[in-house]
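# Per-entry structural report
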Amino acid sequence: MTITAKPNKWNPEPEIISRAAEIIRAGGLVAFPTETVYGLGADALNPEAVRKIYEAKGRPSDNPLILHVSNVAQVRELVYVNDAAEVLMKTFWPAPLTLVLKAKEIIPSVTRGGLDTAAVRMPNNPIALALIEASRTPIAAPSANLSGRPSPTDFESVSHDMNGKIEMIIDGGDVEVGIESTVIDITDPKKFLMLRPGGMSREVIEETLKARLEVPNSESKKRSPGTRYRHYAPDVPVVIWRRGSRPPTVEADSAAYMGTHEPGFEVREKILFDDTANYARGLFAGFRKFERDECSCIVAQWPEDSSGIGEGLRDRLTRSATSGVMYN
Ligand code: AMP
Ligand code: MG
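Residues numbered from 1 in each chain as written. Chains lettered and ligands numbered in written order. Predicted model: local features only at pLDDT ≥ 70, side-chain atom pairs only at ≥ 80, totals over all residues. Heavy atoms only, no water.

## As for the packing of helix H1 (residues 14-25) against helix H5 (residues 126-135)
At their nearest, the axes of H1 and H5 sit 8 Å apart, and the two run at 55° to each other. In terms of their interaxial angle, H1 and H5 are classed as oblique. Seen along the crossing, H1 lies across H5 with a hand that is right-handed. Contact with H1, carried on its side by Ile17, Ala20, Ala21, Ile24 and Arg25, involves Ile127, Ala130, Leu131, Ala134 and Ser135 of H5 and no other residues of that element. Looking at the contact of H1 with H5 residue by residue, the classes come out as eight nonpolar, one polar and one charged. (Axes fitted to C-alpha atoms, helices over the stretch in contact; angles between N-to-C directions. Helix = DSSP H or I, 4+ residues; strand = E, 2+ residues; numbered from the N terminus. Parallel < 35°, antiparallel > 145°, perpendicular 65-115°, else oblique. Left-handed = near helix turned anticlockwise from the far one by under 90°. Contact = heavy atoms within 4.5 Å. Nonpolar A, V, L, I, M, F, W, Y, C, P; charged D, E, K, R; others polar.)

Spelled out as structure tokens, the structure:
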């Protein structure tokens, strides 16, 4: 029922891309790779198709979707583009940077989760760009996991969650970034908001905008409903541990550990990453591996780096953790 295909990443075969684009145009669902995590895509302008995304994921319908585009002209048809958006698109796109702007009428309410704004992004992945281009429509896509589960960063994880539920999965191998895009609200030129830290670092965005990205207050938080939900969690409890602090109380013969440094306490399995970027890249796949291995608990090292990808990684860990959140 679900077809799969593995195109050449840098030069995707036109037959594969047009097959996937036909499904999108016919109102179906296609999971595809991006540089951040795999997306579950549908025609963003077709409300029936978008509804199927929420259904396949079991996602609350007030959690809006990001519209993925393959060129800047497409953005102008969807949202009101301001100066800040022009600068960011020109400087960074394609990139793990999502812009929230005032929506035009053309975007169905279901795609926007009923809001008057919309989120747009140009992904930095040749397969994704070819698919959007061939579909001749923006593609609405959240991560291709069941709602609440860790985002899929490889083909196997997508297949595990979505096989039998959608028309097609495109295998693009392992992703590069591993956590979702940074989402910023730039509708108000006097007050830019960081809605979700992610793959693109706050520092470079602030430098380019020559302005700070502010923390949303409770009112503007309501405007990014996704931030309300518990997310990214494996079925195994996640405990955050800061290096140098007291070792967590875990069962040495069944616990797992992941981080950039040796834990210094006994666990059954561990994954050590070379640096923070690799930690972010391997986080969700690590969660899923430890879950398959039936570990009793996952101890995750609190990233020492709070800048760059470290901010996004800290956010994902905090939201997947059950206890023991420690800040530096
Ligand atoms: P996901 O699709 O799971 O990667 O989540 C998309 C994120 O973008 C969520 O956190 C949403 O709340 C946020 N988002 C999407 N559209 C909007 C919007 N119009 N306004 C504010 N946040 C949005
Ligand atoms: Mg998601």
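Picking up after the structure, the text goes on.
## Some points on the confidence of the model for the protein
Here the protein shows a mean pLDDT of 94. Residues at 70 or above account for 94%. Note on residues 324-328: pLDDT under 50 across the span, and 16 contacts to partners over four residues away in sequence or across chains. (pLDDT = per-residue confidence, 0-100.)

## Considering the sheet that holds strand E8 (residues 168-170)
Strand order in this open sheet of ten strands is E1-E8-E2-E3-E7-E4-E6-E5-E9-E10, and the pairing throughout is mixed. At either end of the open sheet lies a strand with only one pairing partner, and these are strand E1 (3-5) and strand E10 (193-196). Bridging between strand E2 (residues 30-32) and E8 involves two bridges; their strand directions are parallel. Bridge pairing in E8 places Val30 opposite Met168. (Pairing = 2+ DSSP bridges.)

## Quick notes on the pattern of salt bridges
Between side chains of opposite charge, a pair can form when the charged atoms approach closely. A full pass over the atoms with the stated rule returns 19 salt bridges. In this structure, Glu269 engages Lys289 in a salt bridge whose closest nitrogen and oxygen atoms are separated by 3.6 Å. Remark: Lys289 occurs in helix H9 (residues 276-292) and Glu269 occurs in strand E13 (residues 269-272); sequence separation between them is 20 residues. With relative accessibility at 16%, the residue Glu269 sits in the buried group. Among the salt bridges present, the one from Lys289 reaches Asp293, with a minimum N-O distance of 2.7 Å. The class for Lys289 is partly exposed, based on a relative accessible area of 33%. Shared partners join several salt bridges into a network, and the residues in it are Glu180, Asp315, Arg316 and Arg319. (Salt bridge = Lys/Arg side-chain N within 4 Å of Asp/Glu carboxyl O. Buried < 20%, exposed > 50% of the residue type's maximum accessible area, 1.4 Å probe, protein only.)

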